[in-house]
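Structural characterization, general
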Amino acid sequence: MKMQRAVVALALFAAALGPVAAADWPTRPIRIIAPSTPGGAADMFGRLLCDHFSETFHERCFVENRAGAGGMIGTAATAQAAPDGYTLTTSSTAYHVIAPAVSANPGYDPLKDFTHIAYVGGPPNVFVANPALAVRSLSELVALGKRGEPIDYVSPGVGTLGHLLAESFAQKAGIKLQQIMTKGASQGMMDLVSGTVNVGTMTWTSALSQIRARKVVPIAVTSSARLAEFPELMTFKEQGYPELTAVSWFALSGPAGLPNDVTERLNQAVAQMLQLPAVRKRLDHDSVETRVMSPQEFTAFVAAEIDKWAPVARRVMPGK
């Protein structure tokens, strides 16, 4: 009987201790793993979050870059970390939707192994063409594609959202597109500007300077509405492809089992950050679409993104 009472008392003590410890969080530095090299989008969003968290929580927050395997190395490290609120990650379309869909052993389950905390946002993708192609809309691109040979195009890389968008568009439009391999978005854009390739599917951020310089012509954007700076540029939805409304989103996630109150505090901090004028100005400059979601809404969003894009990724990249 004494032993049973001791066990019950210990259990009650442990139950009481958990919320107290979580309420005191944070008491040491917070690490956000960016599964990319310094300067990449995941790194940029991670540093944006860290700057705000350092001010909000009065503890140092730092970004640790752990690139490799399409982002799976850093993402897996987060999944394996202790769920104490001190190791988080910049989650994204690439790391939590596409990479695990096409890898035989990603090292994590994108839903079961994470606490999805808060959505931040991301830039839309854009179809652009070399001016010499004389294409100004998707219908003109389709007409060109039905005349003969496949149309060469570049994207930020195999398995990126730009790659999947191009292949999805080609399938629905009934034309053939042929991806030309490059060493990333920068090289692809150089080939596009030089006329080596005539079409590209890029993130808005990577294409914007060349669009402004009129070195490439935007023909469709994947945003949910037209962009303020280019009100004449039609969306995919307006041109008959509503299923291709998408952004290359980034967000904040942590290991599965993160305490609810820590999750809520982080979620609220992200929501507050997105309202700050300086942050708003920075994100608006790159046409980053933001949205405030609860942890439950964001988790449902990740699941919906997996349902939408994982089958496309497996079709486009079989045997990966």
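Structure: above.
What this report covers is the structure whose coordinates are included nearby. If you're wondering where the values come from, they're calculated on a predicted model, not measured in any experiment. (Residues numbered from 1 in each chain as written. Predicted model: local features only at pLDDT ≥ 70, side-chain atom pairs only at ≥ 80, totals over all residues. Heavy atoms only, no water.)

Observations regarding the sheet that holds strand β2 (residues 61-65)
Overall, mixed pairing links the six strands, which are arranged β2-β1-β3-β10-β4-β11 in an open sheet. The open sheet is flanked by β2 and β11 (289-290), the only strands paired with a single partner. Looking at chain direction, strand β1 (residues 30-34) and β2 are connected through five bridges and run parallel. Note on β2: the bridge partner recorded for Ala34 is Asn65. Across the sheet, helix α4 (residues 93-102) lies against β3 (87-92) and β4 (114-122), angled at about 65 degrees from β3, the strand it touches most. (Pairing = 2+ DSSP bridges. Helix = DSSP H or I, 4+ residues; strand = E, 2+ residues; numbered from the N terminus. Contact = heavy atoms within 4.5 Å. Axes fitted to C-alpha atoms, helices over the stretch in contact; angles between N-to-C directions.)

Regarding the environment of Thr90
Along the polypeptide, Thr90 turns up in strand β3. In sequence terms Thr90 and Arg314 are 224 residues apart; their C-alpha atoms lie 23 Å from each other. Setting aside residues up to four positions removed in sequence, Thr90 forms contacts with Ile32, Ile33, Ala34, Pro35, Ala42, Phe45, Gly46, Leu49, Tyr95 and Ala251. For Thr90, the side chain forms a polar contact with the main-chain oxygen of Ala42, separated by 3.5 Å. (Polar contact = N/O pair within 3.5 Å; in protein donor to acceptor, adjacent residues only side chain to side chain.)

Let's talk about helix α7 (residues 185-194)
Along α7, the residues that are buried comprise Gly188, Met189, Asp191 and Leu192. One side of α7 holds all its buried residues, which, seen down the axis, span an arc of 160 degrees. The exposed residues of α7 that point more than 90 degrees off its buried face are Ser186, Met190 and Ser194. Along its buried surface, α7 packs onto β5 (125-129), β6 (151-154), β8 (199-203) and α8 (204-212). Where α7 terminates, the next one or two residues include Gly195, which has phi positive at roughly 90 degrees. (Buried < 20%, exposed > 50% of the residue type's maximum accessible area, 1.4 Å probe, protein only. Arc of directions from axis to C-beta.)

Description of the packing of α7 against α8
Packing of α7 against α8 brings their axes to within 10 Å, and their N-to-C directions diverge by 30 degrees. By the criterion of interaxial angle, the relationship of α7 to α8 is roughly parallel. Handedness of the α7/α8 crossing: right-handed. Here α7 contributes Ala185, Met189 and Val193 to the contact with α8, which in turn contributes Ser206, Ala207 and Gln210. For the contact of α7 with α8, the class distribution of residues is four nonpolar, two polar and no charged. (Parallel < 35°, antiparallel > 145°, perpendicular 65-115°, else oblique. Left-handed = near helix turned anticlockwise from the far one by under 90°. Nonpolar A, V, L, I, M, F, W, Y, C, P; charged D, E, K, R; others polar.)

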